[in-house]
Amino acid sequence: MGMLVNGEWRTDWYAPDEAGRFVRPPTRFRDRVSAQREGRFPLDPCRYHLYVSYACPWASRALLMHALKGLKDVVGVTVVDPRMGPDGWSFEGFPGSDMDRLNGARHLRELYLRADPHYTGRVTVPILWDIRERTIVNNESRELMRMFDTEFDAFALHPVTLWPEGLRERVDGVINALYEPVNNGVYKAGFAKTQEAYEQACRELFAALEGWERVLARQRYVCGDVLTEADLCFYTTLVRFDLIYYAHFKCNLARIQDFPNLWNYLLDLYQTPGFAQTTNLEHIKVHYYWSQDAVNPTRIVPLGPSVDLSVPHDRDRLGPRRLAPSPNIG
Ligand SMILES: N[C@@H](CCC(=O)N[C@@H](CS)C(=O)NCC(=O)O)C(=O)O
């Protein structure tokens, strides 16, 4: 773990605020690829490349959208090593990860430095890399997920959208509602430096989960009867929960398996084409337990628990699996 300060690498852990709370730093590269071919980054096949970690819930949002839209032939993907040591994310050949064939980098920070030699900030995944200008277009998962959803239709193999017209405000509202208590909430519990900060994050997290448990009793997906970006955002936290967050981040008031609707919803999503293929439970487990030595100083990776996501679910009772057709295709 570390960060760049004016282009220099420092092996610093996240600095908490004065109350011991985890504060997620803002993301720096915020440009976008445009289907209208406006601006610095017009849509072009094979011009952009996605760097991800299978372990990272944020990167997994972008990767999931990339899979659901069928973008593998136009946007290549490179997967970093799940073990993030003092040099940050790297390319070391861990099974299931890649060497950086595109740029020949050994460490991900080299790409940040190529994009900005004086970069100050954390070296995070995901990043969308522009092969032509050799720079980072964007490193904010929510924006990358949206970009793949709305800007790449001309080359998408699957004519679907996860931000359907008529539901857009609701989708954005649910993504926002999930962010602080749930997606970031598990980190606020796990990275808390005081008892109070941990307890507050943990209680807010479980209050939110209980609320979603009630919503998912009456509808198949978080925004209604169709799969949306908001489900992707929820999924990437839920799929890590019983395996990692319960023990490693002390989010242990209950497991997802103890919430019948959340558990069946998780099974449903995992069994939807695109989800299991981009979910690597081994990378997830190795990453959190090995890399976050401020939380787990021995770096011992536990053998369990075994979480079987392939068992039958009961979600068909609420309606069929449904993805909305993209307005831009066909
Ligand atoms: N805001 C970013 C956050 C991404 C992020 O924090 N990724 C983590 C992995 S889960 C990371 O790369 N951390 C490295 C570090 O902070 O040093 C996004 O949503 O894309």
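Residues numbered from 1 in each chain as written. Predicted model: local features only at pLDDT ≥ 70, side-chain atom pairs only at ≥ 80, totals over all residues. Heavy atoms only, no water.

### Side note on the overall build of the protein
Note the cut-off: The way it works is that DSSP assigns letters per residue, a run of H or I at least four long becomes a helix, a run of E at least two long becomes a strand, and they are numbered from the N terminus. The globule rule used for comparison is 2.2 Å times the number of residues to the exponent 0.38, while the radius of gyration itself is calculated over C-alpha atoms. For every residue, the accessible area obtained with a 1.4 Å probe (protein chains only) is divided by the maximum for its type, and the residue is called buried under 20%, exposed over 50%, and partly exposed between those limits. Contacts were defined at the residue level, with two residues in contact if any of their heavy atoms lie within 4.5 Å. Computed by Shrake-Rupley with a 1.4 Å probe, the accessible areas treat only the displayed protein chains as cover when residues are assessed.
When you go through the protein residue by residue, the secondary structure sums to nine helices and nine strands. Relative to the compact-globule value of 20 Å for 330 residues, the protein shows a C-alpha radius of gyration of 19 Å, a close match. Projecting the C-alpha coordinates of the protein onto the three principal axes gives extents of approximately 55 × 50 × 35 Å. Considering the protein as a whole, with its 330 residues, one finds that 58% of them fall into the buried category. Sequence-distant contacts in the protein: of pairs separated by 6 or more residues, those separated by 24 or more amount to 71%. A total of about 13,900 Å² of accessible surface is found on the protein, and carbon and sulfur atoms cover 51% of it.

### Observations concerning the packing of helix α1 (residues 57-69) against helix α7 (residues 229-245)
Which entries qualify depends on this criterion: In this analysis, axes come from line fits to C-alpha atoms, helices being fitted only over the stretch in contact, and the angle between any two N-to-C directions falls in the range 0 to 180 degrees. Angle categories: roughly parallel below 35 degrees, roughly antiparallel above 145, roughly perpendicular from 65 to 115, and oblique for all the rest. The handedness criterion is simple: a crossing whose near helix is rotated anticlockwise from the far helix by less than a right angle is left-handed, and one whose near helix is rotated clockwise is right-handed. Under the grouping applied here, Gly and all other residues not named as nonpolar or charged are polar, the nonpolar ones being Ala, Val, Leu, Ile, Met, Phe, Trp, Tyr, Cys and Pro and the charged ones Asp, Glu, Lys and Arg.
Direction vectors running N to C along α1 and α7 enclose 130 degrees, while the axes themselves pass 9 Å from each other. As far as their axial angle goes, α7 and α1 are oblique. The interaxial crossing formed by α1 with α7 has right-handed handedness. Touching P57, S60, R61, L64, M65 and L68 of α1 are E229, L232, C233, Y235, T236, R240 and Y245, all from α7. By residue class, the composition of the contact of α1 with α7 is eight nonpolar, two polar and three charged.

### Describing the UniProt feature "domain: GST C-terminal" (unreviewed entry) in the protein
Basically, it comes down to this: UniProt positions are given in the numbering used here, feature names are shortened, and annotations may be inferred rather than shown by experiment.
Here, the residues flagged by UniProt with the feature "domain: GST C-terminal" (unreviewed entry) are residues 161-288. Between the C-alpha atoms that bound residues 161-288 there is a distance of 32 Å. The span itself is 62% helix and 1% strand.

### Topic: the site of the ligand
Rule in force here: Residues are labelled near a given molecule or strand when at least one of their non-hydrogen atoms is within 4 Å of it. Definition of a polar contact: a pair of N or O atoms within 3.5 Å, with one able to donate and the other able to accept a hydrogen when the atoms are protein atoms, and with sequence-neighbouring residues admitted only if both atoms are side-chain atoms.
The immediate surroundings of the ligand are formed by 19 residues, with Y14, C56, W89, R122 and S141 found nearest. The side chain of R24 places a nitrogen or oxygen atom 3.0 Å from an oxygen atom of the ligand. Residue V125 places a main-chain N or O atom 3.0 Å away from an oxygen atom belonging to the ligand. Here the ligand has 510 Å² of accessible area as a free molecule, and 94% of this is covered by the chains. Of the residues belonging to the shell around the ligand, the class tally is eleven nonpolar, five polar and three charged.

### Structural notes on the packing of aromatic side chains
To keep it simple, the criterion reads: Ring geometry is summarised as follows: Phe, Tyr and Trp rings, the Trp one being its six-membered ring, pair when their centres sit within 6.5 Å, and such pairs are stacked at plane angles under 30 degrees, edge-to-face over 60 and tilted between the two. We count a charge as sitting over a ring when the NZ of a lysine or the CZ of an arginine lies within 6 Å of the ring centre and within 35 degrees of the ring normal.
If you walk through the whole model with that rule in mind, you get 22 aromatic pairs. Ring centres of F249 and Y288 lie 5.7 Å apart, and the angle between their planes is 85 degrees; this geometry places the pair in the edge-to-face category. With F249 in the loop between α7 and α8 (260-270) and Y288 in helix α9 (residues 281-291), the pair connects residues that are 39 residues apart, well separated along the chain. Classification of F249 as buried rests on a relative accessible area of 0%. Classification of Y288 by relative accessible area gives buried; the value is 0%. Here the aromatic cluster, defined as three or more aromatic residues joined through ring pairs, consists of F22, W58, Y179, Y187, F191, F206, F241, Y245, F249 and Y288. The positively charged end of R299 is found above the aromatic ring belonging to W290, 4.0 Å away from the centroid.

### Quick notes on the sheet that holds strand β2 (residues 8-10)
Two orientations exist for strands paired in a sheet by backbone hydrogen bonds: parallel and antiparallel. Note the following rule: One requirement defines pairing of two strands: DSSP has to find at least two bridges between them.
Strand order in the open sheet formed by three strands is β2-β1-β5, with antiparallel pairing between adjacent strands. The open sheet is flanked by β2 and β5 (121-122), the only strands paired with a single partner. Of the strand pairs in this sheet, strand β1 (residues 3-5) and β5 are connected by two bridges, and their pairing is antiparallel. In the sheet register, M3 faces β5, and the bridge partner there is R122.

### Thoughts on the UniProt feature "site: Lowers pKa of active site Cys" (unreviewed entry) in the protein
When the UniProt feature table is mapped onto this chain, "site: Lowers pKa of active site Cys" (unreviewed entry) is found at Y245 and Y288. Taken along the chain, the residues just named run across 44 residues; in space they keep tight, none of their C-alpha pairs more than 9.2 Å apart. Within the secondary structure, Y245 is located in helix α7. Judged by relative accessible area, Y245 falls into the buried class, the value being 0%. When sequence neighbours within four positions are dropped, the list of residues in contact with Y245 reads P57, V186, Y187, T237, R240, K250, C251 and Y288.

### Thoughts on the sheet that holds strand β6 (residues 127-130)
Spatially, the four strands line up as an open sheet ordered β4-β3-β6-β7, and their pairing is mixed. Across the chains shown, the open sheet's two edge strands, defined by having one partner strand only, are β4 (76-79) and β7 (135-138). The sheet shows a mean angle of 35 degrees between the axes of neighbouring strands, direction not considered. Against the sheet, α1 touches β3 (48-52) and β4, its axis set at about 135 degrees to β3.

### Points about the pattern of salt bridges
Under the convention used in this document: What makes a salt bridge here is a side-chain nitrogen of Lys or Arg within 4 Å of a carboxyl oxygen of Asp or Glu, nothing more.
Under the criterion given, the structure shown has 25 salt bridges. Between R109 and D87 there is a salt bridge whose closest N-O contact spans 3.2 Å. Of the two residues, R109 is situated in helix α2 (residues 109-115) and D87 in the loop between β4 and α2; the sequence distance between them amounts to 22 residues. According to the relative accessible area criterion, R109 is buried, its value standing at 16%. The salt bridge involving E229 is made with R146; its shortest N-O contact spans 2.8 Å.

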